[in-house]
Amino acid sequence: MQDDTIDGYTEGEEPLVFHYSREERLKKAPQNVRDYYEGKMNVKRGLLKSLIATKANQYMLFSIALCMTAIFMVSKFGADSEKNSIGGTNIELSAFKYNN
């Protein structure tokens, strides 16, 4: 089956017609692509499996987990950012948003 579709065109120009045949494309595709479309390929399923499928993905997941842990620890157990001491004088920052 061939799909002839006319794509958008400006006035005064000939319309572009795209001829697409999935069967023709798959005939020229590599064997692993044909196997994938036929369902013969063993594909890993699931989010966790894809996140740890390669060494690079494992390092990236570990880096993200480490950064999230650091952010959580600093936000939970870190000093209050609005309270500080300058020259022995305790100061506290407070602000509000004013909308017109």
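Reading the values: the criteria
Residues numbered from 1 in each chain as written. Predicted model: local features only at pLDDT ≥ 70, side-chain atom pairs only at ≥ 80, totals over all residues. Heavy atoms only, no water. Helix = DSSP H or I, 4+ residues; strand = E, 2+ residues; numbered from the N terminus. Buried < 20%, exposed > 50% of the residue type's maximum accessible area, 1.4 Å probe, protein only. Contact = heavy atoms within 4.5 Å. Areas by Shrake-Rupley, 256 points an atom, 1.4 Å probe, with all protein chains shown as cover. Phe/Tyr/Trp six-rings, centres within 6.5 Å; stacked < 30°, edge-to-face > 60°. Patch = residues over 30% accessible without salt bridge, like charges linked within 9 Å, V, L, I, M, F, W, Y side chains within 5 Å. Salt bridge = Lys/Arg side-chain N within 4 Å of Asp/Glu carboxyl O. Lys, Arg positive; Asp, Glu negative; His and termini not counted. Polar contact = N/O pair within 3.5 Å; in protein donor to acceptor, adjacent residues only side chain to side chain.

Undergrad: Can you tell me about the overall build of the chain, naming the residues and giving the values?
TA: Within the chain, the secondary structure is distributed over four helices and four strands. A total of 100 residues make up the chain; the buried ones form 4% of that total. A fraction of 0% describes how many contacts in the chain between residues 6 or more apart in sequence connect residues 24 or more apart. Roughly 9800 Å² of accessible area belongs to the chain as shown, and the carbon and sulfur atoms make up 58% of that amount.

Undergrad: Hey, could you go over the packing of aromatic side chains for me, with residue numbers and the actual values?
TA: Under the defined criterion, the tally for this structure stands at one aromatic pair. For the ring pair Tyr36 and Tyr37, a centre distance of 5.8 Å and an interplane angle of 80° mean the geometry is edge-to-face. Judged by its relative accessible area of 48%, Tyr36 is partly exposed.

Undergrad: Provide a residue-level description of a nonpolar patch on the surface, including the pertinent values.
TA: A contiguous nonpolar surface patch, about 450 Å² in accessible area, is contributed by Leu47, Leu48, Leu51, Ile52 and Leu61. Ranked by residue count, the leading element in the nonpolar patch is helix 3 (residues 47-51), at three residues. Structurally, the position occupied by Leu48 is in helix 3. Taking relative accessible area as the criterion, Leu48 reaches 56% and is therefore assigned exposed.

Undergrad: How would you sum up the side chain of Asp35? Please name residues and give values.
TA: Inspection of the secondary structure puts Asp35 in helix 2 (residues 31-38). Buried within the structure, Asp35 lacks any salt-bridge partner; its nearest side chain of opposite charge belongs to Lys40, at an N-O separation of 4.5 Å. Engagement of the side chain of Asp35 in a polar contact is seen with the side chain of Gln31, the distance being 2.8 Å. Those residues within four positions of Asp35 in sequence are excluded, and the remaining contacts are Lys40 and Met41.

Undergrad: Before we move on, can you summarise the environment of Phe62 with the specific residues and values?
TA: Looking at where Phe62 falls in the secondary structure, it is placed in helix 4 (residues 55-77). It is 9.7 Å that separates the C-alpha atoms of Phe62 and Ile52, two residues lying ten residues apart in sequence.

Undergrad: Let's hear about the pattern of salt bridges: which residues, and what values?
TA: Applying the stated rule across the entire model yields two salt bridges. With its nearest N and O atoms 3.0 Å apart, the salt bridge here joins Lys40 to Glu38. By relative accessible area, Lys40 is classed as exposed at 60%.

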